[in-house]
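A structural walkthrough
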Amino acid sequence: MYLRAFSIQQLHEATNCIKNKLGQGASGGVYSGILKLEDEEVEVALKKLENGIEQGDDKECLDRRRVIGLTH
Ligand SMILES: Nc1ncnc2c1ncn2[C@@H]1O[C@H](COP(=O)(O)OP(=O)(O)OP(=O)(O)O)[C@@H](O)[C@H]1O
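Residues numbered from 1 in each chain as written. Predicted model: local features only at pLDDT ≥ 70, side-chain atom pairs only at ≥ 80, totals over all residues.

1. Notes on the overall build of the chain
Across its full length, the chain holds two helices and three strands. Each helix and strand of the chain, ordered N terminal to C terminal, gives the series α-β-β-β-α. The contacts of the chain with a sequence gap of at least 6 include a subset with a gap of at least 24, amounting to 18%. (Helix = DSSP H or I, 4+ residues; strand = E, 2+ residues; numbered from the N terminus. Contact = placed C-beta atoms within 7 Å.)

2. A word on the environment of Ala-45
By secondary structure assignment, the location of Ala-45 is in strand β3 (residues 41-49). Of the residues examined, Ala-45 has 11 C-beta atoms within 10 Å and is grouped as exposed. Sequence-wise, Ala-45 and Lys-21 are 24 residues apart; in three dimensions their C-alpha atoms are separated by 9.3 Å. Apart from residues lying up to four places away in sequence, Ala-45 is in contact with Leu-22, Val-30 and Ser-32. (Buried ≥ 20, exposed ≤ 12 C-beta atoms within 10 Å, placed from the backbone.)

3. Here we look at the site of the ligand
Surveying the vicinity of the ligand reveals the residues Leu-22, Gly-23, Gln-24, Gly-25, Ala-26, Ser-27, Gly-28, Val-30, Ala-45 and Lys-47. Counting only elements with at least two residues in the shell around the ligand, the list comes to β1 (21-25), β2 (28-36) and β3. Sorting elements by how many residues they give to the shell around the ligand places β1 first, with four residues. (Near = placed C-beta within 6 Å.)

4. Some words on the sheet that holds β2
Sheet architecture is open: three strands sit in the order β1-β2-β3, paired in antiparallel fashion. Lying at the two open borders of the sheet, with one neighbouring strand each, are β1 and β3. Averaged over all pairs of adjacent strands, the angle between their axes in this sheet comes to 35°, without regard to strand direction. Here β1 pairs with β2 via four bridges, running antiparallel. Bridge assignment links Gly-25 to a residue of β2, and that residue is Gly-28. (Pairing = 2+ DSSP bridges. Axes fitted to C-alpha atoms, helices over the stretch in contact; angles between N-to-C directions.)

5. A short note on the UniProt feature "binding site: ATP" (unreviewed entry) in the chain
In the UniProt entry, the feature "binding site: ATP" (unreviewed entry) is given for Lys-47. You can see Lys-47 is positioned in strand β3. With residues near it in sequence (within four places) discarded, Lys-47 still touches Gly-25, Gly-28 and Val-30. (UniProt positions renumbered as here; feature names shortened; annotations may be inferred.)

Spelled out as structure tokens, the structure:
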């Protein structure tokens with residue numbers, strides 16, 4: 001799996017300061033954006049995590065947050 005990290009500033013620029021909400025997941029809102037890469041622009045959906053990690057969280061959710069944490 002190839003993971004690429006983006007700065008908070010890049011994500012704010014991509015999403016026009018996280019304004020256009022597409023939907024709401026259990027762990028946070030999902031917003032649309034356009035990420036500018038070196039030679040192209042890519043349409044993305046970005047999730048802003050809003051809740052802390054609870055003891056009851058399932059393994060998939062915790063695994064996802066560990067992977068996300070490794071990219072920061
Ligand atoms: N790629 C996408 N394009 C458009 N809308 C999206 C996209 N991904 C998510 N959404 C919107 O965000 C909502 C929540 O999606 P999400 O995948 O976060 O759901 P979830 O798996 O229930 O959440 P969580 O992972 O937090 O438990 C969706 O119902 C949809 O409206």
